[in-house]
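# Examining the three-dimensional arrangement
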Amino acid sequence: MKEYQPQKAQYGDGYIMIGFSRGYFVVISTHIREIGQEIFQAHNHKDNLSSIAISQSLSKAASCGDNCIKIHDLSDLRQMYAIINLDDENKGVDQLAWTDDGQLLAVSTRRGSLHIFLTKLPILGDSCGTRIAYLTSLLEVTIANHVEQEQPVTVSVEVEPSFVAIGVYHLAVGMNNRAWFYGLGETNVKKLKDVEYLGTVASMHLNSDYAAALFEGKVQLHMIESEGLDSQEERETRLFPADDDKYRILCHALTSDFLIYGTDTGVIHYFYIEDWQYVNEYRHSVSVRKIFPDPSGTRLAFIDDKSDGFVYCPANDRLYEIPNFSPTIKGILWENWPMDKGVFVAFDDDKVYTYVFHKDAIQGSKIILAGGTEVPFSHKPLLLYNGELTCQTQSGKTNSICLSTHSFLGSLKDFGPNELTRMLTQTLMLKRFSEAWEVCRLLNDKSGWNELAKACLHHMEVDFAIRVYRTFGNPGMVMSLEQIKGIEDRNLLAGHLAMFTNDFNLAQDLYLASSCPIAALEMRKDLQHWDSALQLAKRLAPDQIPFISKEYAAQLEFTGDYVNALAHYEKGITGNNKYQEHDEACLAGVAQMSIRMGDIRRGVNQAIKHPSRLLKRDCGAILESMKQFSEAAQLYEKGQYYDKAASVYIRCKNWAKVGELLPHVSSPKIHLQYAKAKEADGRYKEAVIAYEHAKQWDSVIRLYLDHLNNPEKAVTIVRETQSLEGAKMVARFFLQLGDYGSAIQFLVLSKCNNEAFMLAQQHNKMEIYADIITSESTSNEDYQSIALYFEGEKKHFQAGKFFLLCGQYGRALKHFMKSPSTEDNLAIEMAIETVGRAKDEALTNQLIDYLMGETDGMPKDAKYLFRLYMALKQHREAARTAIIIAREEQCSGNYRNAHDVLFSMYAELKTQKIKIPSEMATNLMILHSYILVKTHVRRGDHMKGARLLIRVANNISKFPSHIVPILTSTVIECHRAGLKNSAFNFAAMLMRPEYRNKIDVKYKKKIEAMVRRPDTTEAEEPTTACPYCEFQLPEYELLCPGCKNNLPYCIATGRHMVRGDWTVCPHCDFPALYSEFKRYVGS
């Protein structure tokens, strides 16, 4: 086995790296607990490893072998940082070494060559506006403008520069005391000149015409291109400071208009190039180390000798400290995006801190820290534009980093509510209200809109705030902001906005500093901050002191500070008749506070003199709480609060005064107290009146019964008031008199049903008890007790009635069927009601058998069967029964009864939406026609009477009891109406042998003459249209030949209905011809 030839190197905290000639290298530790352990191993080279080297400053390790170099990062050896191949070196590499600063790596080869590699470039760069210049190799500078998307331009320089500066039209590079200037054309770069300075240049800045170089505590300002310009010689160059100034310049900057520099004495000078003179200076407490003006030069950030950061505004000579400023900060960059003028970043080696200068906030201008962003190793920020930081790296390239405070830039659709809420906070910090609007729109949450609106108020963006409040529906704020948006006084506007954000102390300070200081007083009054309002009124509006004093006194009174309340009420009195109402309120306060302070006489006199009733009541209440009863009662009486006065007099036992006030008193409680007192004195009549006013009816009844011997009045009161206790007393009274009926009645009234029942049982007064109990709301047990009593007494009807009431339908029906029949057959009616309620088929069949005579061989009237079917809602059976009943009534000549039965059944079937039998409809129509005859004959309308009688006579078989009278009437009415042919036909019918002898003697000869000398002339019956098919048919014809429909008929005339002349009766809903019905009702 071939032997390894190791090389070793020590690094870090006790670690040793060993390389072996076979291509391996390993890392071992010298720590006690890790001795003997291999930390890392790698086979870096295939055939041969010749050398290893470590650079502590770069934190890199390099190994060489074969014909390549491999570089590792010491922080993570697994990561290969770089591989350099030397393809020309076919004999292989030999040794390698780093320079101390790690900038160069030297490699020797076995062929005798020496290779030097540059590992990192010096980070040199500058920016002007959005243009940047940076070193891309030791002899090359690149100029780029990524914002304007210009093509990068590379400039080859003659020496390795130690500084780079860029202006609007020029580039400067240099080292030691010399600088080379280049002109930047549109397509090319040309060298202009080189300048030597009086010392080694530390830094340089350019603007469009001038260059400013800092060397050895001095700044030289000179024109870059002086040839061909008509400039005065003294404006070509100037050295700062002047010879007689004893300070050193530590830093400088050049804007388009100003040279600005800071000195070791802490003075910041502004030199105006246009006028070639100093225009401003600011003296700081310690020396100024670095300065960074914004693009316009109106704000200047600087770092002092204590490593504290500040922003100076020369326009108003104000200085603002930068909060949370890290002492490691190396530099500051201002935002170049024109819409974000107040944003800047401070950076050190590891982090960038974003700050925002809030200039127009209601609390005044201030700087806030918006957040921090990690920066990769060895990145130097050059340019900030719209949240994007352009950095220069050691490799001579640039890299862009998005600040974490600007994460809202770009598409927001994919973010959730938590991220959007965080972005909203960022946008509000940076005053990016348009972006905040978009975030709120996506969040669609009222709290988000509210935050945006508050931020707009905070930054005095009134128009945008109005837009936001209008969007999420706050009309109150919209209207308030619309009223103030035109205000030009900044302090007054800020005061209003501070008030809207509930910062009232700030609002007051701003109002007082504004052109309208009285607004501070108005605000404090609106807020009811009377103490502050009073202090302001003394300075701003002394005439308002009385009114504020009154309000402040009311507040003090509420908190219990009566001493100061009294003093302020007294201060509030103006003595001016113009403010009479105000003065009365103050005097009322004085009266109340005087009483509370113990000056009762003054307070009472004041209250009595005061016109207000309410004041007398309030003072009376205070006195009553202080147990000053006589004064309290006096004030109540003066204020006409008689109930309260009487109540207090009762507490004083002043019954005489109570008696005087009693007619005015409405409180039952006072009347009751007075009544008890009078009853105790034995003055019962006065006591009764007082008890009546107090509505203590039990006491009234008791006095009438026990002391005034007036039972009639007691009974009347019990009946009117339904008093239970009173009813018991009356019952006891009647019991003593032996009037058991009345005693039972009042026992029931007092809900003592058991006692009443026992009394009725003892004294055989159960009928009285039963009558009373049915009119009361009574329990089933009571009904059952009565039913059982009557059952024992064999009083079947009463027993059935109470069994029905307690729901025992079977027993009720049994007793009703046993009950002896009376003229009105009430028992059968009750039996029908029982079966109707029970809805029990067995009971129904039992009753039907009883009604049909199956039980006792005595069939009952058919009307009861009809009522039973109606009670059971068996409408078809009821209809059939109704037809039978009506037929029987008709046969008996009771046409009105037959009509009523059929009509009621017809209406019921119609309500239940059951088809009406044609026989019922026909019978009802004939009976109705017959009943209408008398009405028309009485009115002298013989034609209608004749037509209706013809219809009845054509159905004469349905009127067997009155055939001859009906036919006789038909002949007479037809004759009167001129219907001679119809009269002859019915007269001929009367001449039949079975009818001839029954004709009334009065009309017999006349009818016989009519038959012997017949006159058959008769006018045609008028026709009207069928309501269904418009077919013309006779008025009294009810069957249409055209459509074969049974036509509805008019209840007033019996004619068939016509479509254009239709109405219905409001009671029975039957149709009628409108014109005829109106005439009929009118007559």
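Given the structure is predicted, the values throughout are model-derived calculations rather than measurements. (Residues numbered from 1 in each chain as written. Predicted model: local features only at pLDDT ≥ 70, side-chain atom pairs only at ≥ 80, totals over all residues. Heavy atoms only, no water.)

Another point: the overall build of the protein chain. Regarding its fold elements, the protein chain presents 40 helices and 42 strands. Looking at the 1083 residues of the protein chain, the share that counts as buried comes to 47%. Considering only residue pairs separated by 6 or more positions, the protein chain has 37% of its internal contacts joining residues 24 or more positions apart. Taken as a whole, the protein chain presents about 55,200 Å² of accessible surface, with 48% of it coming from carbon and sulfur. (Helix = DSSP H or I, 4+ residues; strand = E, 2+ residues; numbered from the N terminus. Buried < 20%, exposed > 50% of the residue type's maximum accessible area, 1.4 Å probe, protein only. Contact = heavy atoms within 4.5 Å. Areas by Shrake-Rupley, 256 points an atom, 1.4 Å probe, with all protein chains shown as cover.)

For the second largest pocket, the calculated volume is near 920 Å³. Lining the second largest pocket we find 30 residues, and of these Met925, Leu1038, Asn1046, Leu1047 and Tyr1049 sit closest to its centre. Listing elements by their share of the lining of the second largest pocket, those giving two or more residues are helix H33 (895-911), helix H34 (918-938), helix H35 (942-953) and strand S41 (1062-1064). With 5 residues, H34 is the single largest residue contributor to the lining of the second largest pocket. Counted by class, the lining of the second largest pocket contains 18 nonpolar, 5 polar and 7 charged residues. (1 Å grid on protein atoms, 1.4 Å probe; cavity = no way out; pocket = protein on both sides within 12 Å on 5 of 7 lines; lining within 4 Å. Points joined across faces, edges and corners; volume = space filled by probe spheres on them. Nonpolar A, V, L, I, M, F, W, Y, C, P; charged D, E, K, R; others polar.)

All right, on to the pairing of strand S9 (residues 93-98) then. The pairing of S9 with strand S10 (residues 104-109) spans 4 bridges and is antiparallel. Bridging across to S10, Ala97 finds its partner in Ala106. Between S9 and S10, which pair antiparallel one after the other, the connecting turn spans 5 residues, and Gly102 there sits at a positive phi close to 80 degrees. (Pairing = 2+ DSSP bridges.)

Attention now moves to the packing of helix H8 (residues 518-526) against helix H9 (residues 530-540). Two elements in contact, H8 and H9, have axes whose closest approach is 8 Å; the angle formed by their N-to-C orientations is 155 degrees. Between H8 and H9, the interaxial angle falls into the category roughly antiparallel. Considering only the axes of H8 and H9, their crossing is left-handed. Of H9, the residues touching H8 (which contributes Ile518, Ala520, Leu521, Arg524 and Lys525) are Trp530, Ser532, Ala533, Leu536, Ala537 and Leu540. For the contact of H8 with H9, the residue count by class is 8 nonpolar, 1 polar and 2 charged. (Axes fitted to C-alpha atoms, helices over the stretch in contact; angles between N-to-C directions. Parallel < 35°, antiparallel > 145°, perpendicular 65-115°, else oblique. Left-handed = near helix turned anticlockwise from the far one by under 90°.)

The next subject is the packing of H34 against H35. Relative to each other, H34 and H35 sit at 155 degrees, their axes nearing to 8 Å. Here H34 is positioned roughly antiparallel relative to H35, judged by the angle of their axes. Relative to H35, the crossing made by H34 is left-handed. Here Met925, Ile926, Ser929, Tyr930, Leu932, Val933, His936 and Val937 of H34 come into contact with H35, specifically with His942, Lys944, Gly945, Leu948, Leu949, Arg951 and Val952. A class-by-class count of the residues in the contact of H34 with H35 yields 9 nonpolar, 4 polar and 2 charged.

Okay, the nonpolar core next. Counting residues in each nonpolar core, the largest one holds 64 residues, and the members touching the most others are Leu452, Val468, Tyr469, Leu481 and Leu497. Look past the residues within four positions of Tyr469 in its chain and what remains in contact with it is Asn450, Ala453, Lys454, Leu457, Asn474, Met477, Val478 and Leu481. Ranked by size, the runner-up nonpolar core spans 45 residues in total, among them Cys1065, Phe1070, Ala1072 and Leu1073. (Core = buried A, V, L, I, M, F, W, Y, C linked by side-chain atoms within 4.5 Å.)

With that settled, the discussion passes to the sheet that holds strand S6 (residues 60-65). Neighbouring strands of a sheet are bound in pairs by backbone hydrogen bonds; such pairs are parallel or else antiparallel. One open sheet accounts for 4 strands, arranged S5-S6-S7-S8; its pairing is antiparallel. If you trace the sheet from one side to the other, it starts and ends with strand S5 (51-55) and strand S8 (76-85), each paired once. Strand-to-strand twist in this sheet, taken as the mean axis angle between neighbours without regard to direction, amounts to 20 degrees.

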